[in-house]
Amino acid sequence: MKKRSIALIIWLMSIALLGVVAMQYYFIRETYQQKSKLFDEGVMASLNAVSGLIERREIYLFTREQQKMNQTKYLEDQEKQRKKERLLSEQLDIQEKIKLLQQKQIEIENRFRDAERELKDQYGNAVELENSFYETYIRRPAYQRYVDIQISQGPSRDGNFINSDVSIVATVNVPPIAAKDDSVRYGIPIIDGTTGKAKLYTIVLPPKSSDKIAFELYNYERKLKELNLRKLESAFSLEDSVAILGGKNPELVEQVAIAMELAKKPLRERINIASVQRLIKDELDRRDIHTPFNIEIRDRHNNNLIFNIQTSANFNSTDKITRYSTPLFQGDANNQTPGLLSVYFPNKKSIIADNMSYLILPTLALFALLIGCFVYTLSIIFKQKKMSEMKTDFINNMTHEFKTPVATIMIASESLRDPEISSDEKRVNRLANIIYDENVRLGSHIERVLNIARLEKENLKIERVDVAVNDLISSVLDSMQLQLQKANGKINIDLSAEKDTVIGDELHLSNVMFNLVDNAIKYSLEAPEITVKTYNSKGNIILTVTDKGMGMTKEQQEKIFDQFYRIPTGNIHNVKGFGLGLSYVNDIIKRLDGRIEVRSEKDKGTQFEVTLPLKSN
């Protein structure tokens, strides 16, 4: 594969990976913002609930205190008091229902506004239709022909209208049909691609508000006014004043002296901080917010700190925090709140992140998997590229190795055709010996390549017979004496293994020994000095072949058992071979349940250590 192709693959995979990362980042960020918004809404709802509970608790406690002070009167007017308490309870209940209904109405209005804004963003010229108009003309196919769509400007390419003034009217008046629900309908004019005329499509949005809720609000507000009138008609007692205070009716509270007394009390005396802390925790727990928080209560000018409770030890005053605040005692005289209740969360970000762990952890695992696949793919590509280069070197070496004996045989054969040479018996015998030796050499090369091919196809026949390793080594070394003499080499033999019988293939073990000694000779910079040893260790026989040759680096040691790999020596042909010998050796040793290890140091020599299991008795 060309470098440009590899670079293109890397770029494309990198762009795809970055695209996935960007999409996941956007999704997680949007989720985080949504979680943060829900967290803020939950905290504010909790604070508002606590503020109301504090105020009601103060009213309740004050009422109890006044009841104790006026025990005699309370006993005399017990029935009257119960009646007024029911009135107060009814009033507070109505106020609570009004608040809930108002919140529901606001939620409905917000849903409508969001839907309307989304519709307007998508269809800029959507026109709101009256429900009676829709029921009369749109839903009845017989009257749809009376609907006229008037557009001040032309359509855009996609069939929608841009910056157009659209009006939808009826050309003929027919008896109208009343609306059947309070949903809001919009008409969207779209150009028909075939006729070129505008067609009207309708989209239904949720109601702008709930008529049912509005009717209930009206009834509750009317009942509340009736209750207030009933209070005005009766004489005010101390409990009446407290009930008015609980109803948060500032106009009447201003007329009651006791309400003024409550407002004059110092804020510190009106707050039970332990109770406030417990209430906040309970309200947060109700909304599934389980985390430490800090509390502050300040006066209405936000200057003097009344209470400061820190329940989180992780707070750092230099941290940027989000403070949530709500006013206290909003029903006080003159509608002035005496203080502000605030909470803040020093570890808000970690809280939200923990809630998103179900999303973050799989995302990180996906990223790791994608990056792992990316790296693995690149490693395979580079490995295949290197393998291709090594195979090219192998073919070049093989061509060179085969070319030499073929050329020698050709020259010797041509010489034999010369009558002068053919008449000389000595010269004929020498040329015949040359042809024989070169044929043997050529056959050896071919056999080596074929053995590797058989190993790859798993069809190399391995015999398993008793083999005496010491005798086999001696035989191989005797056959290599001529090669050692030619290289002016020296070999030291120490076959001290007392037990040397293994289960193996004599031919292939001989080839293993031959390859190891042949490499020691070829990769010696000067006259080879080789040491061959055997010894026993833990039920195994250890065979070592050590030389003082050119040695190897750590990187080369990791690759020498790969097919076609040859240690570079400057000239690719100055050391004969295909890069198949050690791969063959490694495979044979593994097939015989052994192992081979290499220890080498650059320019100091190399040691190959072969471990084979001994034959069990």
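Residues numbered from 1 in each chain as written. Predicted model: local features only at pLDDT ≥ 70, side-chain atom pairs only at ≥ 80, totals over all residues. Heavy atoms only, no water.

Trainee: I'm lost on the overall build of the protein in this one. Help?
Mentor: Of the regular secondary structure elements, the protein holds 19 helices and 16 strands. Each of the 617 residues in the protein was classed as buried or not, and the buried ones make up 39%. Contacts in the protein between residues far apart in sequence, at least 24 positions, make up 69% of those at least 6 positions apart. Working note: accessible area of the protein is about 37,200 Å², and carbon and sulfur atoms make up 52% of it. (Helix = DSSP H or I, 4+ residues; strand = E, 2+ residues; numbered from the N terminus. Buried < 20%, exposed > 50% of the residue type's maximum accessible area, 1.4 Å probe, protein only. Contact = heavy atoms within 4.5 Å. Areas by Shrake-Rupley, 256 points an atom, 1.4 Å probe, with all protein chains shown as cover.)

Trainee: It is not clear to me how the sheet that holds strand S13 (residues 529-537) should be interpreted in this structure. Could you clarify?
Mentor: Picture the strands of a sheet paired through backbone hydrogen bonds; they go either parallel or antiparallel. The strand order across the open sheet built from five strands is S11-S13-S14-S16-S15, with neighbouring strands paired in mixed fashion. Of all the strands in the sheet, the pair left with one neighbour each is strand S11 (490-495) and strand S15 (595-601). Within the sheet, the average angular offset between the axes of one strand and its neighbour, ignoring direction, is 15°. Bridge analysis of strand S14 (residues 540-547) against strand S16 (residues 605-613) gives eight bridges, and the strand direction is antiparallel. For Ile542, the partnering residue across the bridge sits in S16 and is Thr611. Each of S11, S13 and S14 touches helix H15 (residues 469-479); the most contacted strand, S11, lies at about 170° to it. Where helix H17 (residues 506-522) meets the sheet, its contacts fall on S13, S14, S15 and S16, and the angle it forms with S14 comes to roughly 25°. (Pairing = 2+ DSSP bridges. Axes fitted to C-alpha atoms, helices over the stretch in contact; angles between N-to-C directions.)

Trainee: Would you mind going over the packing of aromatic side chains with me for this structure?
Mentor: The description of two aromatic rings rests on the distance between their centres and on the angle between their planes. This structure, assessed with the given rule, holds three aromatic pairs. With a centroid separation of 5.0 Å and 40° between ring planes, the pair formed by Phe133 and Tyr137 is classed as tilted. Of this pair, Phe133 and Tyr137 both sit in helix H4 (residues 131-138), four residues apart, which is roughly one turn of the helix. In this structure, Phe133 and Tyr137 share a single accessibility class: buried. Aromatic side chains Tyr143 and Tyr146 sit 5.8 Å apart centroid to centroid with 35° between the ring planes, which places their arrangement in the tilted category. Exposure remark for Tyr143: the relative accessible area of 24% places this residue in the partly exposed category. Overall, Tyr146 belongs to the buried group, its relative accessible area being 17%. (Phe/Tyr/Trp six-rings, centres within 6.5 Å; stacked < 30°, edge-to-face > 60°.)

Trainee: For this particular structure, what's the right way to read the nonpolar core?
Mentor: Soluble globular proteins: nonpolar side chains tend toward being buried together. Counting residues in each nonpolar core, the largest one holds 38 residues, and the members touching the most others are Met513, Leu516, Ile530 and Val532. Counting residues per element, this core draws most heavily on H17, at seven residues. Judged by nonpolar contacts, the second largest core, of 23 residues, contains Val43, Val276, Phe293 and Leu328. (Core = buried A, V, L, I, M, F, W, Y, C linked by side-chain atoms within 4.5 Å.)

Trainee: Can you help me understand the side chain of Thr544 in this one?
Mentor: In this structure, Thr544 sits in strand S14. Owing to a relative accessible area of 4%, Thr544 belongs among the buried residues under this scheme. In this structure Thr544 touches Thr531, Val532, Lys533, Tyr535, Gln607, Phe608 and Glu609, once residues within four positions along its chain are discounted.

Trainee: Honestly, the pattern of salt bridges in this entry has me stumped. Any pointers?
Mentor: Side chains carrying opposite charge are able to pair once their charged atoms draw close together. Under the criterion given, the structure shown has 18 salt bridges. Measuring nitrogen to oxygen at the nearest pair gives 3.5 Å for the salt bridge that ties Glu529 to Lys548. Of this pair, Glu529 sits in strand S13 while Lys548 sits in the loop between S14 and helix H18 (554-557), placing them 19 residues apart in sequence. Given the relative accessible area of 30%, Glu529 is considered partly exposed. Ionic pairing is found between Arg599 and Glu609, a salt bridge with its closest N-O pair at 3.2 Å. With a gap of 10 residues between them, Arg599 in strand S15 and Glu609 in strand S16 connect regions that are remote in the sequence. On the basis of relative accessibility, which here comes to 40%, the residue Arg599 falls in the partly exposed class. Classification of Glu609 as buried rests on a relative accessible area of 11%. (Salt bridge = Lys/Arg side-chain N within 4 Å of Asp/Glu carboxyl O.)

Trainee: I tried to follow the sheet that holds strand S5 (residues 198-205) on my own but got confused; where do I start?
Mentor: As summarised here, the arrangement of the three strands in space is S1-S4-S5, forming an open sheet in which the pairing is antiparallel. Strand pairing shows two members of the sheet lacking a second neighbour, strand S1 (127-129) and S5, which therefore form its edges. Between one strand and the next, the sheet's axes are offset by a mean angle of 40°, whatever the strand orientation. For S1 and strand S4 (residues 184-191), the ladder comprises three bridges, and the chain directions are antiparallel. When the sheet's bridge partners are listed, Glu128 is paired in S4 with Tyr186. Running over the sheet, H4 touches S1, S4 and S5 and is turned about 135° from S5.

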